[in-house]
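What the coordinates show
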Amino acid sequence: MADLALDVTRLVFTYRRTTDDGVQPFTLRVHELDLQRGEQVLLTAASGTGKTTLLNLIAGIIDPDEGTVRVAGKTMHAAFGAERDSLRGRSIGMIFQTFHLLTGFSAIENVMAALLMTGVPEREHRGRAKALLDRLGIARIDGRIEEMSTGQQQRVAVARALVCEPALVLADEPTASLDPENAMGAMDLIQQVCKEKNAALLCVSHDPSMPMRFERKATLASLAVTGVLTGAVSGAGLGAGLGAGVGTGTGIGGTR
Amino acid sequence: MNDFTIVLRSLRARWFSTVTTIITVAVAVALIIVLLTLRNSGKRSFERGAGDMHLLVSGEASSTVAVLNNIFYANPPRRPLMWDRFEQLQQQAPWQYAIPTAIGDSFRAFPVVATTPEFFSSFKPAPGEAWAFASGKAFGGDFEVVLGSAVARRTGLKIGNTLYLTHGWSKASQGLRTDGDVDNATHHVGTHDEHADHEAHGEHEEHADSEGGEGPGGTHIHREFGFKVVGVLAPTLTSHDRALFCSLQSSWIMHAQDRREAQAKGEVERTTPEQLIAEDKKITAALLRLLSREENSAPANLPQVFDQLRRDGTLTVANPSQEIGNLFSIIDQVNRVFLAIAVVVLVSSGISIMLALYNSMEQRRRQIAVLRVLGASQGRIFNLTLVECAIIGLAGAIVGVVLAFVGASLASGVVRQRFGLIIEPDIGPTIIIVLLAATTVLACVSGLVPAIMAYQTSVARNLRPAA
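Residues numbered from 1 in each chain as written. Chains lettered and ligands numbered in written order. Predicted model: local features only at pLDDT ≥ 70, side-chain atom pairs only at ≥ 80, totals over all residues. Heavy atoms only, no water.

1. Description of the overall build of chain A
Filter applied, for reference: A run of H or I in DSSP becomes a helix once it reaches four residues, and a run of E becomes a strand once it reaches two; helices and strands are each numbered from the N terminus. For every residue, the accessible area obtained with a 1.4 Å probe (protein chains only) is divided by the maximum for its type, and the residue is called buried under 20%, exposed over 50%, and partly exposed between those limits. Any two residues whose heavy atoms approach within 4.5 Å are treated as being in contact. Note on areas: Shrake-Rupley with a 1.4 Å probe; residue coverage comes only from the protein chains shown.
If you tally the helices and strands in chain A, you get eight helices and nine strands. Every one of the 256 residues in chain A was classed for burial, and the buried ones make up 54%. For chain A, long-range pairs separated by at least 24 residues make up 72% of all intrachain contacts whose partners lie at least 6 apart in sequence. Split by element, the accessible area of chain A, about 10,400 Å² in all, is 50% carbon and sulfur.

Here you go:
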């Protein structure tokens, strides 16, 4: 269990979701989800079916109605306030579709900001950030982030997610803003660096080219039903699972 | 990289809003400082200028006008006293000193005070501070002149120079050189009243034709009596710094020359002291100090002497300290209004800080959400926002202090030019520290609403791609 990066058990979260038929209650269920350190899992589902909500639950940004989330052995929702924020900062790295980099800051400052929030000694900040940016091929580390290309920004975002050497990296549609060629390169990089840093990767995407990159895959529907990630799930199976989850409109894996 | 860097980057990202807000705060702070310091230094300057005299006696219409004209040289006094009345005055009380002065003429629009050597030996321009000479000495005889520090600075005159005086003075031309007023012309010191008399009888034009020329503003320069500069006073930070001083007899001789030429309807030989008649011997004020054991306190008999002198309807008796107090009690009412306005401006600048941050909050929410994801607590975000406000407030206050120095210097120049008062900007460290602290606290209070908004920012909502 020492290498368990993520352990989600019987997670239930109901929220109000806007659909074509108006605002309706929606229940997200995850029976069980485990990731070992270094393990990489792709979670697929259609847009608006709760993928990002699940990531927010795992990151402790929102609280579930039921269930537990353990990250690196710590129960996320047992901690409150600054303690939970600190746990998130130390244990989880997040990569977003639109990168969410801090404008007005340089590349290295964006990376150092992550270290600043997690109590890493200040004297180590620049060295660690620079080493990782060098590894990711960012030469102009003091260049302002908004003056960088999309590909460079993506790499800075990856560096920021991994600089604290988290147990878990959550990637939310990390290639959605990139063209296919850059998307491939970005995913290569994310997966490779996560391996190097021994971080578990939970990647959420509905990009059809993604499943072939991951040995372990799941849909939200399959998590709700089976709850166990034990190997490859076929593309057809994914599609079926998604169809069922979205089509019911009452939640994935049944109503609450 | 630390929290301060994050705050600075945030301020830089909204530089226009940051700069304009800082300027708003700075203007309010500067306004408050200028008002406070000019008020304090103005009052101090007034109090210093009255020196250690207890009473001022003149023929002016009111005691306030008497003080303003005879001590602060606001305008030429208009009602002279005769010398024999002054001699009577000397016998009326146990004076420590009774010093006559005659004011009315000028040099390059700086007032000339004709007086006795006691003016320098007995009268102190500020309580406890005797006159000091930057160079030279007090006048010892006739047609010698001592320059106030500002006069020496503005005119560039030095010991040994000879200058020529002008009837009346035109403040608009203060400091401006007039052809022939140094080294090669003739001058008169006299009361403004006499000058008016000359003009009324057409004598002014005669002098101009026969001896002199026109000075600034149509004033008349007499080129019969040159005055040699024998001393330059050290700065006193009083109105006396912008005056020149010569002997009373010099003034009388010059005016006697006018009288004699008017009577002879032509040029006459140079007037001697022996040719002076009672009519020539006029003064415009007497500076009086009673014998007193303690230098800085009024003697017990001052009220009685004051009342005794006031019984003579031809005299206006003023207690300078009291007049200055009365003057400032009036000015204080206006000052309070200005101060209230300045405080309102400061409060409104606090509101502008709040609005600037409030309006930028939509842009900032995503950044706040990102910092939260990176591990920043809500409390830390709250503090970062408050620090941002505090920096705006502090920066505004610092800029305001600098502006105040510049503004007060400009204002003191205007006051010196327009009213003849020397008011040096004096911004004490206490005022600066209090204002810096108060402005910073006000800025933090103004930042509470944006800080609470930042604290409550929803991370999940603001990390959506659309956000």
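2. Some points on unusual backbone geometry
Backbone geometry at A:Phe99 places phi at a positive 70 degrees, although glycine is not the residue there. Turning to its location among the elements, A:Phe99 is positioned in the loop between strand E6 (92-95) and helix H3 (107-116). Given a relative accessible area of 4%, A:Phe99 falls into the buried group. Of note, the phi angle at B:Arg108 is positive, near 50 degrees, even though the residue is not glycine. The topology assignment puts B:Arg108 in the loop between strand E3 (95-107) and strand E4 (110-115). For B:Arg108, a relative accessible area of 6% translates into the label buried.

3. Topic: the state of the cysteines
Residue and element names in this part refer to chain B. Here is the rule we go by: The term disulfide is used for any two cysteine sulfur atoms that are within 2.5 Å.
A full pass over the atoms with the stated rule returns zero disulfides over all chains. Unpaired in this structure, Cys 389 has its nearest cysteine sulfur neighbour in Cys 444, at a distance of 6.8 Å. Given the relative accessible area of 23%, Cys 444 is considered partly exposed.

4. Concerning the nonpolar core
Going by this rule: Side-chain atoms within 4.5 Å link the members of a nonpolar core, which is a set of buried Ala, Val, Leu, Ile, Met, Phe, Trp, Tyr and Cys residues.
Ranked by internal contacts, the top residues of the largest apolar core, which has 126 residues, are A:Leu6, A:Leu54, A:Ile58, A:Val156, A:Leu168, A:Leu170 and A:Leu202. A:Leu170 has contacts with A:Leu55, A:Ile58, A:Ala59, A:Ile92, A:Gly93, A:Met94, A:Ile95 and A:Leu202, leaving out every residue within four places of it along the chain. Of all hydrophobic cores here, the second largest spans 44 residues; its members include B:Leu248, B:Ile283, B:Leu309 and B:Val317.

5. Remarks on the environment of B:Ala50
Residues and elements named next belong to chain B. Residue placement: Ala 50 occurs in the loop between helix H2 (15-49) and strand E1 (55-58). The exposure class assigned to Ala 50 is buried, which follows from its relative accessible area of 4%. C-alpha separation for the pair Ala 50 and Phe 72, spaced 22 residues apart in sequence, amounts to 8.3 Å. Ala 50 has contacts with Ile 71, Phe 72, Phe 123, Pro 125, Pro 320 and Ile 324, leaving out every residue within four places of it along the chain.

6. Focus on the environment of B:Thr439
Residues and elements named next belong to chain B. Rule in force here: Nitrogen and oxygen atoms within 3.5 Å of one another constitute a polar contact, given that in protein one can donate a hydrogen and the other can accept it, and given that sequence-neighbouring residues count only through two side-chain atoms.
Considering the arrangement of structural elements, one finds Thr 439 in helix H13 (residues 429-446). Taking relative accessible area as the criterion, Thr 439 reaches 2% and is therefore assigned buried. Thr 439 sits 92 residues away from Val 347 along the chain, and the two C-alpha atoms are 9.2 Å apart. Polar side-chain contacts of Thr 439 include one of 2.5 Å to the backbone oxygen of Leu 435.

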